[in-house]
Amino acid sequence: MYKAPCSRLTGFLGLRVKQKLVQIAPRCDRTARSLIYLHRRDPSNWLTYQQLNFLKRQYVTKNSSELHQRAIPKRDLTIVDERDGNVERRVERIPAINPELPEVVPLSEDVTHKAQPKNSAAKPASQSGTAPKASVSHLAATTVEPPHVYVETEEARQARLDRQWKPLKVDVADLPDVYARLAKIKLTALVVTTAAAGFAMAPVPFDPVMFFVSALGTGLASCAANSINQYFEVPFDSNMNRTKNRPLVRGQISPLHAVSFAFACGIPGVALLTLAVNPLTGFLGALNIFLYTCCYTPLKRLSIVNTWVGAVVGAIPPVMGWSAATGSLDPGALLLGGFLYCWQFPHFNALSWNLREDYSRGGYRMMSVTHPGMCKRVALRHSLGLVALSTLAPVLDVTTWTFPVISLPVNLYISYLAARFYHKGDRDSARKLFFCSLWHLPMLLLLALTCKKYSRSQGDTAAPSTLTPPAS
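1. Remarks on the environment of Val410
Now for step 1: Note that Val410 resides in helix 20 (residues 408-424).
Now for step 2: Here Val410 falls in the buried class, since its relative accessible area comes to 12%.
Now for step 3: Discounting chain neighbours no more than four positions away, the residues touching Val410 are Trp439, His440, Met443 and Leu447.

Quick look at the structure:
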């Protein structure tokens, strides 16, 4: 008997719930789509709850799914009566701001005198109302300052022009210094010195003309490689304190001028080594330019492998000197190249340790920046390698057995400094190792030259040229 009313009640409630769901379904769908859209957007552009709550409180109200803009009421403007005494008191304060104006003092006195009749009935109201108005307008007209005109001095004008971009004007008298810095003259001198050491260490009679030609060609090739290197690294050198004064960074010469100088040095240098010395030496010179400009330079910003590639580049000049004297690649040439290869790691790693901030600012991936522990280990390892190579020199008939003995103190000293650098890893130990490497290499090459072993006599080299064909 109670089934029918309950069924009707249940059906009525179900109908009402269904109607409500049908009404809110579009809004739920829009809300879900808006949430999905916010989720797919960049998280930095998402609106937080605090932002939404703030916007709702300040500007927006929502009612019946409609958005209404509520404007913030403006503040009431206060209308000031010019006949009020406050205006006259404000006018009295104006002359105190600019007391140097001659018209202000008598005008302020006039205004104060006219302010007195306000409380007395002797003067009519019309005069008391018009007098302050006229005095205010007259004071406003007299206190307006003329626009200040800035007169630029000659020194300021010259300083402003110096800060502006201007066309390059190359002074011929400055070109030698610019070319010297573009070619990294100190580094080029080191390259020529190592090549000369390789030429002098060769077990053949010394030829002064060939020595001069090979040194000149090697120097020109080094100038070309250094100039192209600076051309590629202008944007990065400008961020480093060590290189920000280079000619291309400062704009002393144009990039086209620098590239022209590089070609003017590289082409004659390689041609001189190929034609006047021998093709092998010319090939090594061209290979060194290629490795330095196309491999080492871009790798500096990609991987720490650049240090090993740069060590190979530095090891080639003594091999070029040996090949210029002998025309071949003997084990002695590779031994001298090994000396330069091992020496560069304690030298450069100690240098780069104190320049980590500069290299990091320039974006160079050096061991001292990305792998500081490896930087110290590699420096110590290759310092000990110099002792092993010195012992190997008499085995390859490059020097006598005296060389490992007399070179042992300098090799042990640089190894000791490398060990201190490995354990401490501070600026002082890196600086000492770097300065030791500056005199260690010339000392080592000089000791090797004094212990040079002449395995080829002058008669042996001249014998093939004096052979005559057998009589028929």
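2. With respect to the packing of aromatic side chains
Given two aromatic rings, their pairing is described by the distance between the two centres and the angle made by the two planes.
Now for step 1: Within the structure shown, the criterion is met by 15 aromatic pairs.
Now for step 2: With a centroid separation of 5.5 Å and 65° between ring planes, the pair formed by Phe434 and Phe435 is classed as edge-to-face.
Now for step 3: Residue classification places Phe434 among the buried residues on the basis of a relative accessible area of 17%.
Now for step 4: Take Phe435: its relative accessible area is 47%, and that puts it in the partly exposed class.
Now for step 5: What links up through ring pairs into an aromatic cluster is the set Phe236, Phe348, Tyr359 and Tyr364.
Now for step 6: Of note, Arg301 hangs over the ring of Tyr364, and the distance from its end group to the ring centre comes to 6.0 Å.
Now for step 7: The positively charged end of Arg356 is found above the aromatic ring belonging to Trp353, 4.1 Å away from the centroid.

3. Here we look at the environment of Tyr341
Now for step 1: Following the sequence through the fold, Tyr341 ends up in helix 15 (residues 331-353).
Now for step 2: Residue Tyr341 is classed as partly exposed on the basis of its relative accessible area, which comes to 25%.
Now for step 3: The residues contacting Tyr341, other than those within four sequence positions of it, are Trp308, Ala311, Val312, Ala315 and His382.

4. What to know about the side chain of Thr307
Now for step 1: Relative to the helices and strands, Thr307 is located in helix 14 (residues 306-326).
Now for step 2: The exposure class assigned to Thr307 is buried, which follows from its relative accessible area of 9%.
Now for step 3: When near neighbours in sequence (up to four residues on either side) are disregarded, Thr307 contacts Phe345, Phe348, Asn349 and Met367.

5. Looking at the pattern of salt bridges
Any two side chains of opposite charge can pair if their charged atoms end up close together.
Now for step 1: Taken as a whole and assessed by the stated rule, the structure comprises 6 salt bridges.
Now for step 2: Overlapping salt bridges bring together Asp428, Arg431 and Lys432 as one network.

6. Description of unusual backbone geometry
Now for step 1: Positive phi outside glycine occurs at Lys184, with the angle close to 50°.
Now for step 2: Examined against the element boundaries, Lys184 turns out to sit in the loop between helix 7 (175-182) and helix 8 (185-201).
Now for step 3: Judged by its relative accessible area of 17%, Lys184 is buried.
Now for step 4: Of note in this structure, Asp397 is not a glycine but carries a positive phi near 60°.

7. Overview of the packing of helix 9 (residues 208-232) against helix 13 (residues 279-299)
Now for step 1: Following both chains from N to C, one finds helix 9 and helix 13 inclined at 20°, their axes separated by 8 Å at the closest point. If you check the angle between helix 9 and helix 13, you find them roughly parallel. When you trace helix 9 past helix 13, the crossing you get is right-handed. Contact residues: helix 9 offers Ala221, Ala224, Ala225, Asn226, Ile228, Asn229 and Phe232, while helix 13 offers Ile289, Tyr292, Thr293 and Thr297.
Now for step 2: Along the lines of polarity and charge, the residues of the contact of helix 9 with helix 13 split into 7 nonpolar, 4 polar and no charged.

8. Focus: the confidence of the model for the protein chain
Now for step 1: Confidence in the prediction of the protein chain, expressed as mean pLDDT, is 75, and 65% of residues score 70 or more.
Now for step 2: Low pLDDT, under 50, characterises residues 101-133; the predicted model gives this stretch 25 contacts beyond four residues in sequence or across chains.
Now for step 3: Under a pLDDT of 50 for its full length, residues 457-472 has, in the predicted model, 3 contacts with residues more than four places off or in other chains.

9. Focus: the packing of helix 8 against helix 9
Any two packed helices are characterised by the angle at which their axes cross and by the distance between the axes.
Now for step 1: The contact between helix 8 and helix 9 brings their axes to 9 Å, and the two run at 145°. The way helix 8 lies across helix 9 gives a crossing that is right-handed. Contact with helix 8, carried on its side by Leu187, Thr188, Val191, Val192, Ala195, Ala196 and Phe199, involves Met210, Phe211, Ser214, Ala215, Thr218, Gly219, Ser222, Cys223 and Asn226 of helix 9 and no other residues of that element.
Now for step 2: For the contact of helix 8 with helix 9, the class distribution of residues is 10 nonpolar, 6 polar and no charged.

Cut-offs used in this document
- Residues numbered from 1 in each chain as written.
- Predicted model: local features only at pLDDT ≥ 70, side-chain atom pairs only at ≥ 80, totals over all residues.
- Heavy atoms only, no water.
- Helix = DSSP H or I, 4+ residues; strand = E, 2+ residues; numbered from the N terminus.
- Buried < 20%, exposed > 50% of the residue type's maximum accessible area, 1.4 Å probe, protein only.
- Contact = heavy atoms within 4.5 Å.
- Phe/Tyr/Trp six-rings, centres within 6.5 Å; stacked < 30°, edge-to-face > 60°.
- Lys NZ or Arg CZ within 6 Å of the ring centre and 35° of its normal.
- Salt bridge = Lys/Arg side-chain N within 4 Å of Asp/Glu carboxyl O.
- Axes fitted to C-alpha atoms, helices over the stretch in contact; angles between N-to-C directions.
- Parallel < 35°, antiparallel > 145°, perpendicular 65-115°, else oblique.
- Left-handed = near helix turned anticlockwise from the far one by under 90°.
- Nonpolar A, V, L, I, M, F, W, Y, C, P; charged D, E, K, R; others polar.
- pLDDT = per-residue confidence, 0-100.

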